[in-house]
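Each chain is listed here by its residues.
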Amino acid sequence: MLRITELKLPLNHPEEALAAAIRNRLRITPRDLVRYTVARRAHDARDKMDIHFVYSIDVTVKNEAAVLARFKRDRHVNPTPDTGYRFVAKAPAGYAGPRPVVVGAGPCGLFAGLILAQMGFRPIILDRGKVVRERTKDTWGLWRRSELNPESNVQFGEGGAGTFSDGKLWSQIKDPRHLGRKVLSEFVKAGAPEEILTEAHPHIGTFRLVTMVESMRATVEALGGEYRFERRVDDIEVATGADGSRRLAALHLSTGERLATDGPVVLALGHSARDTFAMLHARGVFLEAKPFSIGVRIEHPQSWIDEARFGPCAGHPDLGAAAYSLSHHCKNGRTVYSFCMCPGGTVVAATSEPGRVATNGMSQYSRNERNANSGIVVGIDPARDYPGDPLAGIALQRQLETRAFEAGGGAYRAPAQRLGDFLAGRPSTRLGSVIPSYRPGVTMTDLAEVLPDFAVTAMREALVAFGQQIPGYDHPDAVMTGVETRTSSPLRITRGDDFQSVNTAGLFPAGEGAGYAGGILSAAVDGIKIAEAVARELVGRPVLA
Ligand code: FAD
């Protein structure tokens, strides 16, 4: 099979146009085109008067060698890459060795658990939160009734942080082994729409994620894996050898259980496990502070974004709700960018700690809510902005989230401001034409009181610059809601080439919380990599970093 990339067709092309375009591109007759499948489809809307699709197509032709030879200098016609997944190890039949433990049932832990189960190692998966259906009720409890359950919320519980999200499933990580393909294929088996395998920017929305997570749990259990919910890892025991080397010996759980760990333990904690990070630091596990970003969520009517992006094609069913990605380097040396943009979605309360407010965004598959929302965040780094120990970034997050709670007036209401007032440096006293979607509600105020001055200065400059890229983006009525602090982990649990903690053998840090992923897909891919490292450790094969 061969793959053609960058095959362009107009937005409203009929189905047959694809076959004709393939024949023209390869200069073959209809008889020589045996079959084709779409490998990837993106739309190019850079010129809104000429929006078109860009395809990658896998094609079976008669006499493939001759066709490939004819195009050997053409970088858009090549043999189709092998994207199939192969296990790096398998448990021997009747495997009676140690069962690996995975802490965290978010995308990273879920895929670590799934791959280990598929390899025959019968993992035990622990999560501090509840099964996804129970967790859904608790999460809505905060949004509808201002009741936060610190152990069962947007951040904690089965499915992890990505469960109540836009479900965007793309990432910019390098992926030479096509592990992202394995993730998407497993999602399709678990109930995701097949289009995620071909769309360049697939998303699945919140409701489907819930059922997919349940389906994947059933698969893991059928393969001998085991889930244990409402078990928070509160402490670890580390054994120190005569040479000073350290090895994980046991986990202590919130239920009072002690789980001896003679095998590997994956730590897929997510970025909000602040208490667990503090415990690991106290127990001497090597952690280091890393950069992250802070800011607010911004909302515009989705119709404004559609029009700015798609012009006369706004509302075209094949285009869906328009997305955007913005970035601006400011005079004060800071970079401001849009983060986790959710077309046709809502801003959600995403705190896991009492007395604090943090925002994020989510959507349904249809993406048909009134507003587009996105984080508008400023990059910060440890040396300049939160010097001190590895936990200093968490202290900064907490400080900003507490200020946001207070500025919101309590009950998890969030502070909000019209963009025009933010630029003019005056508090907002009323809403304009844009109605914010955050629940349990907003309090109009001055976000400059909540965020550090450098962030406010940078955001004021960037928002005006964004208005030049997307007309109307800096409309005075756009609403900003704060604070966006959980953009990524503020620390790294550093691992070595063998994927284990650099100073505590047996601990395999992974995913977003450990600083090795950002987003659902990259966390899941890291889950596969960590499962492979664990499997190699269990069967005594060297790890290939
Ligand atoms: P997590 O998903 O955070 O999972 C960590 C798990 O560990 C949790 O289930 C938690 O309960 C458990 N845990 C923590 N501490 C302990 C402990 N001590 N003991 C036992 N269990 C513990 N990303 C995208 O790519 N696309 C999106 O559209 C998107 N939208 C988002 C919307 C929202 C509202 C949020 C909050 C996040 C969104 N993200 C999105 C980010 C994405 O969810 C994360 O990048 C991803 O979930 C990280 O996966 P993870 O497995 O590393 O960690």
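Basis of the calculations
Residues numbered from 1 in each chain as written. Predicted model: local features only at pLDDT ≥ 70, side-chain atom pairs only at ≥ 80, totals over all residues. Helix = DSSP H or I, 4+ residues; strand = E, 2+ residues; numbered from the N terminus. Buried ≥ 20, exposed ≤ 12 C-beta atoms within 10 Å, placed from the backbone. Axes fitted to C-alpha atoms, helices over the stretch in contact; angles between N-to-C directions. Parallel < 35°, antiparallel > 145°, perpendicular 65-115°, else oblique. Left-handed = near helix turned anticlockwise from the far one by under 90°. Contact = placed C-beta atoms within 7 Å. Nonpolar A, V, L, I, M, F, W, Y, C, P; charged D, E, K, R; others polar. Near = placed C-beta within 6 Å. Domains from an automatic or database assignment. Core = buried A, V, L, I, M, F, W, Y, C linked by C-beta atoms within 7 Å. Pairing = 2+ DSSP bridges. pLDDT = per-residue confidence, 0-100. UniProt positions renumbered as here; feature names shortened; annotations may be inferred. Expected span 1.5 Å × (residues − 1).

Asker: Help me understand the overall build of the protein chain, please; the structure alone is not making it clear to me.
Answerer: Each helix and strand counted, the protein chain has 13 helices and 23 strands in total. Projecting the C-alpha coordinates of the protein chain onto the three principal axes gives extents of approximately 70 × 70 × 40 Å. Within the span of the protein chain, comprising 545 residues, buried residues form 46% of the whole.

Asker: How should I be thinking about the packing of helix α3 (residues 107-118) against helix α13 (residues 520-539) in this particular structure?
Answerer: The relative placement of two packed helices is expressed as an angle between their axes plus a distance between the axes. With their axes 7 Å apart at the nearest point, α3 and α13 run at an angle of 40 degrees to one another. As the angle between them shows, α3 and α13 are arranged oblique. Crossing of α3 over α13 shows right-handed handedness. Taking contact as the criterion, the partners of Pro107, Cys108, Gly109, Leu110, Phe111, Ala112, Ile115 and Leu116 in α3 are, on α13, Ile520, Ala523, Ala524, Asp526, Gly527, Ile528, Ile530, Ala531, Val534 and Ala535. Per-class residue counts for the contact of α3 with α13 are 15 nonpolar, two polar and one charged.

Asker: I would appreciate a short explanation of the site of the ligand in the present structure.
Answerer: Around the ligand, the surrounding shell holds 45 residues, and the nearest of these are Gly104, Gly106, Gly160, Gly270 and Gly511. Its residues placed into classes, the shell around the ligand shows 21 nonpolar, 18 polar and six charged. Two domains share the shell around the ligand, each providing at least three of its residues, namely domain 2 (101-287 + 493-539) and domain 3 (291-484).

Asker: Explanation requested: the environment of Phe121 in the structure shown.
Answerer: Looking at the secondary structure, you find Phe121 in the loop between α3 and β6 (124-126). The class of Phe121 is buried, set by 27 C-beta atoms lying within 10 Å. Residues Phe121 and Tyr412, spaced 291 residues apart in sequence, show a C-alpha to C-alpha distance of 43 Å. Residues within four places of Phe121 in sequence aside, it is in contact with Ala91, Tyr95, Arg99, Pro100, Leu116, Ala535 and Leu538.

Asker: Mind showing me how you'd approach the nonpolar core here?
Answerer: Soluble globular proteins: nonpolar side chains tend toward being buried together. By size, the foremost hydrophobic cluster in this structure holds 131 residues, and its most contacted members are Val103, Ala112, Val266, Leu267, Phe508 and Ala510. For this core, the element with the most residues is α13, which contributes twelve residues. When residues of this core are assigned to domains, at least three map to each of domain 2 (101-287 + 493-539) and domain 3 (291-484). Setting aside anything within four residues of it in sequence, one finds Ala510 in contact with Cys108, Ala112, Val266, Leu267, Ala268, Tyr516, Asp526, Gly527 and Ile530. Judged by nonpolar contacts, the second largest core, of nine residues, contains Phe53, Tyr55, Ile57 and Val61.

Asker: Sorry, what's going on with the pairing of strand β8 (residues 233-240) here?
Answerer: Each regular strand carries side chains that alternate between the two faces of the sheet. The pairing of β8 with strand β9 (residues 246-253) spans seven bridges and is antiparallel. Across the sheet, the residue bridging to Ile236 is Leu251, located in β9.

Asker: How do you make sense of the confidence of the model for the protein chain when you look at a structure like this?
Answerer: When pLDDT drops low, the exact placement of atoms in the prediction is not to be read closely. When the pLDDT values of the protein chain are averaged, the result is 96; 99% of them are 70 or greater. Scored as a whole, the predicted complex attains pTM 0.97, and scored at its interfaces, ipTM 0.99.

Asker: Hey, could you run me through the sheet that holds strand β1 (residues 2-10) in this one?
Answerer: Within a sheet, neighbouring strands are paired by backbone hydrogen bonds and run either parallel or antiparallel to one another. Judged by pairing direction, the sheet is antiparallel, and its four strands sit side by side in the order β2-β3-β1-β4 without closing on themselves. The open sheet has two edge strands with one neighbour each: β2 (33-44) and β4 (77-79). If you compare each strand with its neighbour and ignore which way they point, the axes differ by 30 degrees on average. With ten bridges joining them, β2 and strand β3 (residues 52-61) adopt antiparallel strand pairing.

Asker: Explain the domain arrangement of the protein chain to me, please; I cannot follow it from the model alone.
Answerer: Accessible area lost on assembly of the parts is the figure often given for the size of an interface. Partitioning the protein chain into domains gives domain 1 (2-79), domain 2 (101-287 + 493-539) and domain 3 (291-484). On a C-alpha basis, the centres of domain 1 and domain 3 stand 40 Å from each other.

Asker: What should I look at first to understand unusual backbone geometry in this one?
Answerer: Most of the time, phi is negative for any residue but glycine, and the peptide bond is trans. The linkage connecting Arg439 with the following residue, Pro440, adopts the cis geometry, with an omega of 20 degrees. Looking at the element boundaries, Pro440 is found in the loop between α11 (419-424) and β20 (442-444). A positive phi angle, near 60 degrees, is found at Glu6, a position not held by glycine. Its place among the elements puts Glu6 in strand β1. Owing to 13 C-beta atoms within 10 Å, Glu6 belongs among the partly exposed residues under this scheme.

Asker: Please clarify how the sheet that holds strand β10 (residues 258-260) should be interpreted in this entry.
Answerer: Across the sheet, three strands lie side by side as β8-β9-β10; this open sheet has antiparallel pairing. With one partner strand each, in any of the chains shown, β8 and β10 form the two edges of the open sheet. Pairwise comparison of adjacent strand axes, ignoring direction, gives a mean angle of 30 degrees for this sheet. Bridge analysis of β9 against β10 gives three bridges, and the strand direction is antiparallel. Its bridge partner being in β10, His252 is matched across the sheet by Arg258.

Asker: Mind showing me how you'd approach the UniProt feature "domain: FAD-dependent protein C-terminal" (unreviewed entry) in the protein chain here?
Answerer: As annotated by UniProt and renumbered to match this structure, "domain: FAD-dependent protein C-terminal" (unreviewed entry) occupies residues 291-487. For residues 291-487, the helix share is 27%, the strand share is 27%, and the end-to-end C-alpha distance is 10 Å.

Asker: Help me understand the packing of α3 against helix α6 (residues 205-222) in this model?
Answerer: Contact geometry of α3 with α6 gives a least axis separation of 9 Å together with a crossing angle of 30 degrees. Considering only the axes of α3 and α6, their crossing is left-handed. Residues Leu110, Gly113, Leu114 and Ala117 of α3 form the contact with α6, whose own contacting residues are Met216, Thr219 and Val220.

Asker: Sorry, what's going on with the pairing of strand β16 (residues 346-349) here?
Answerer: Of the two faces of β16, the one holding Thr346 and Val348 and the one holding Val347 and Ala349 are both buried throughout. Alignment of β16 against strand β17 (residues 359-362), held across four bridges, turns out to be antiparallel. Paired with Val348 across the strands is Asn360, a residue of β17.

Asker: Would you take a moment to explain α3 for this structure?
Answerer: For α3, with twelve residues, the first-to-last C-alpha span of 16 Å sits near the 16 Å given by 1.5 Å per residue. Across the twelve residues that make up α3, a large majority, eleven, are buried. The inward-facing, buried residues of α3 abut β5 (101-103), β6, α5 (179-189), α6, β11 (265-267) and α13. Once α3 finishes, Gly120 follows within two positions and takes phi at roughly 95 degrees, a positive value.

Asker: How should I be thinking about α13 in this particular structure?
Answerer: Each α-helix turn comprises 3.6 residues. Residues three or four places apart therefore point the same way. Under the 1.5 Å per step criterion, the end-to-end length of α13 is 29 Å for 20 residues, consistent within 8% with the ideal 28 Å. Among the 20 residues that make up α13, 18 are buried, leaving the element largely enclosed by the rest of the structure. Count one or two residues on from α13 and you reach Gly540, which has phi positive near 75 degrees.

Asker: In this structure, what is going on with the environment of Leu251? I would like to understand it.
Answerer: On the secondary structure map, Leu251 appears in strand β9. For Leu251, a count of 20 C-beta atoms within 10 Å corresponds to the buried category. Remark: the alpha-carbon pair of Leu251 and Glu237, spanning 14 residues in sequence, is separated by 6.3 Å. Not counting residues within four places of it along the chain, the set of residues in contact with Leu251 comprises Val101, Val233, Ile236, Leu259, Thr261 and Val265.

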